Amino acid sequence: MDGCNQSYSTFMPSEIFCNWTQDALLCWPATKANTTVEQPCPKMKGSDTTKIVRKYCGENGEWDSRANITNWTNYTGCFTKEILLLLERIQNMSPNEFERRIDVAKIVRILEVVGLTASSIILVLSISIYYLFGNLKNDRTLIHKNLFMAALGAVLMKLLICIDQILTGYGNILPTNSGVDGTPFLCEVSYILLEYCKSSTYMWMFIEASHLYNAVAVTATPLSFKKSYLLLGWFLSAVFVVVWVTIMISKPQSHCWYAYNYNPLYWILEGPRIFALVVNTIYLINIVKVVVVKVRNNHTQTNEVEKIKKTLKATLVLLPLLGITNYLSHIEPQLDCPLWYFELYTFMSYFLNSFQGMLIGLLYCLLNQEVKETVLNRIRVRYSSASSELPQVSVNIRKNDCNEQVVETIENLILKF
């Protein structure tokens, strides 16, 4: 306001003019009556700075106004197409309904931070165990470890962005122009790293499904860990992200690429992810068929209820590993959908996404029987005296033994928890 005052306070028009003024974003000079003044759109979320914002000075020397807003400026033309679509949907809501959705978003954001924090801790512990205990190293755990690292990267980037938005947003703890969101280049880089880690996570989930399917349903012989896995999991994801970033920076974008996930270009990333999910679903169906046959042929279990429980357990523990729970994030409802549906979808989607890292870390590392036995053995060896009578648990992880491989693979990869 002071800068605007210093620039135009000494201006003394001889005709009918609108006095200089400043709205929430821009400073406007004194303007001749019945004239429209133009300026480049300001840098703000959802704004395209290559566009023009206009302000009209009326015939009586008063700035154009709307309703009870005397210093009104029409910034609608500054917004990107994606933001205009969102604004159109918001306008169809009642004020109470809109406020309710905002409240839901704030609650869910706290839930997301809790879930991401828990996931990051569990994933760090799981990765550390795989690195520290060499006798756990085999093809299966190598894939798990790479998946955990990709998921940890996505979790940490999400957590950074969430905390930054809370501190600089509705938390009002830091100025809105500070932090990651208010720092040019750093903000965009944060989202690029987030999308890369997300794509890598999907690719490693696809590798998990492919490896498991080939081991269980095709040859009954686990494939060895291949360099092609590394290329598919890390390099192919980078190719998709580089293509997306190259096209994004070649076109005018709003501050921090705000609402970029509503841009059609986002399908460069979403397309391969959805394809991986669909293929993983097909893999899951075939794997479950093998599990059903195995459980039914297990003559030691005569109770049909127990057999059903066994099958359900095998299916449920595979859902987060293969990313099946991520389907919700790809079928986001319209913003103006019924309130109850918005609340149900939001809580379920954010809960599954934020706690997914914790689930896969627990199920496929910390609660895995082989991991627990290995860790307990190490503790016994380190803290027990030579004369200790504590029994030693023998852990023998076979890598490529073809004898009874179907049964062993299913129990080790799915049921051994």
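Up top is the structure.
The structure presented is a predicted model; accordingly, all values stated were derived computationally and were not measured. (Residues numbered from 1 in each chain as written. Predicted model: local features only at pLDDT ≥ 70, side-chain atom pairs only at ≥ 80, totals over all residues. Heavy atoms only, no water.)

1. Overview of the pattern of salt bridges
For clarity, the cut-off: Criterion for a salt bridge: a side-chain nitrogen of Lys or Arg within 4 Å of a carboxyl oxygen of Asp or Glu. For helices the rule is a DSSP run of H or I covering at least 4 residues; for strands it is a run of E covering at least 2, with both sets numbered from the N terminus onward. The buried label goes to any residue with under 20% of its type's maximum accessible area, the exposed label to any with over 50%, and the partly exposed label to all in between, with areas taken from a 1.4 Å probe on protein chains only.
Scanning all chains against the criterion turns up eight salt bridges. Among the ionic pairs, Arg 101 bridges to Glu 97, the shortest N-O distance being 2.7 Å. Here Arg 101 pairs with Glu 97, and both are found in helix 3 (residues 95–132), just four residues apart, close to one helical turn. For Arg 101, a relative accessible area of 4% translates into the label buried.

2. Looking at the packing of aromatic side chains
This is how it is decided: Ring pairs shown here join Phe, Tyr and Trp side chains whose ring centres sit within 6.5 Å, with only the six-membered ring taken for Trp; geometry is labelled stacked below 30 degrees between planes, edge-to-face above 60, and tilted in between. By definition here, charges over rings are those cases where NZ of Lys or CZ of Arg is within 6 Å of the ring centre and within 35 degrees of the ring normal.
In this structure the tally under the stated criterion is 12 aromatic pairs. Measuring from ring centre to ring centre gives 5.9 Å for Tyr 130 and Phe 148, while their planes differ by 20°; the resulting arrangement is stacked. Note that Tyr 130 is positioned in helix 3 and Phe 148 in helix 4 (residues 139–168), a separation of 18 residues in sequence. The residues Tyr 130 and Phe 148 share a single accessibility class, namely buried. Judged by centre distance (5.4 Å) and plane angle (50°), the rings of Trp 244 and Tyr 260 are tilted. Residue Trp 244 is found in helix 6 (residues 227–249), and its partner Tyr 260 is found in the loop between helix 6 and helix 7 (267–296); the two are separated by 16 residues along the sequence. The class for Tyr 260 is buried, based on a relative accessible area of 8%. Each residue in the set Tyr 191, Trp 244, Trp 257, Tyr 260 and Tyr 266 is aromatic and connected to the rest through ring pairs, giving one cluster. Across from the ring centre of Phe 342, 4.9 Å away, lies the NZ or CZ of Arg 101, which sits over that ring. Just above the ring of Tyr 131 sits the side chain of Lys 145; from NZ or CZ to the centre is 4.2 Å.

3. Quick word on unusual backbone geometry
Most peptide bonds take the trans configuration, and most residues that are not glycine carry a negative phi. The backbone of Asn 34 sits at a positive phi, close to 60°, despite the residue not being glycine. Residue Asn 34 is classed as partly exposed on the basis of its relative accessible area of 46%.

4. Things to note about the pairing of strand 6 (residues 52–57)
To keep it simple, the criterion reads: Pairing between two strands requires that DSSP report at least two bridges joining them.
Because side chains alternate across strand 6, one face comprises the buried residues Val 53, Lys 55 and Cys 57, and the other comprises Ile 52, Arg 54 and Tyr 56, none of which is buried. Examined bridge by bridge, strand 5 (residues 35–40) and strand 6 share six bridges and lie antiparallel to one another. Counted as the bridge partner of Gln 39 is Val 53 from strand 6.

5. Brief notes about the state of the cysteines
In a disulfide, the sulfur atoms of two cysteines are covalently bonded to one another. Quick reminder of the rule: Our working definition of a disulfide is a cysteine sulfur pair at a distance within 2.5 Å.
Scanning the entire structure with this criterion turns up two disulfides. A sulfur-sulfur separation of 2.0 Å characterises the disulfide bridge that pairs Cys 41 with Cys 78. Looking down the S-S bond of the Cys 41 and Cys 78 bridge, the torsion is -85°, so its handedness is left-handed. One end of the pair, Cys 41, is in the loop between strand 5 and strand 6; the other, Cys 78, is in the loop between strand 6 and helix 2 (81–91), with 37 residues separating them in the sequence. Accessibility expressed as a relative area gives 5% for Cys 41, which makes it buried.

6. Examining the packing of helix 4 against helix 6
Angle between the axes and distance between the axes: these two values describe a pair of packed helices. Where we set the bar: Fitted lines through C-alpha atoms serve as axes, helices being fitted only where they are in contact, and the angles separating the N-to-C directions of these axes extend from 0 to 180 degrees. Here the angle decides the label: under 35 degrees means roughly parallel, over 145 means roughly antiparallel, 65 to 115 means roughly perpendicular, and every other value means oblique. Whether two residues are in contact is decided by their heavy atoms, any of which lying within 4.5 Å being enough. Ten residues, namely Ala, Val, Leu, Ile, Met, Phe, Trp, Tyr, Cys and Pro, are considered nonpolar, four, namely Asp, Glu, Lys and Arg, are considered charged, and the remaining ones, Gly among them, are considered polar.
The geometry of helix 4 relative to helix 6 is characterised by a closest axis approach of 11 Å and an angle of 10° between their N-to-C directions. Put simply, helix 4 runs roughly parallel to helix 6. Where helix 4 approaches helix 6, its residues Ile 143, Asn 146, Met 149 and Ala 150 are matched on the opposing element by Tyr 229, Leu 230 and Trp 234. Within the contact of helix 4 with helix 6, the residues separate by chemical class into six nonpolar, one polar and no charged.

7. Some thoughts on the packing of helix 3 against helix 4
Using the following cut-off: In this scheme, a crossing is called left-handed if the near helix is turned counterclockwise away from the far one by less than a right angle; it is called right-handed if the turn is clockwise.
Packing of helix 3 against helix 4 brings their axes to within 8 Å, and their N-to-C directions diverge by 150°. On the basis of the axis angle, helix 3 is roughly antiparallel to helix 4. Handedness of the helix 3/helix 4 crossing: left-handed. Classifying every residue of the contact of helix 3 with helix 4 by side-chain character gives 17 nonpolar, seven polar and four charged.

Any link to function would need more than the numbers given here.
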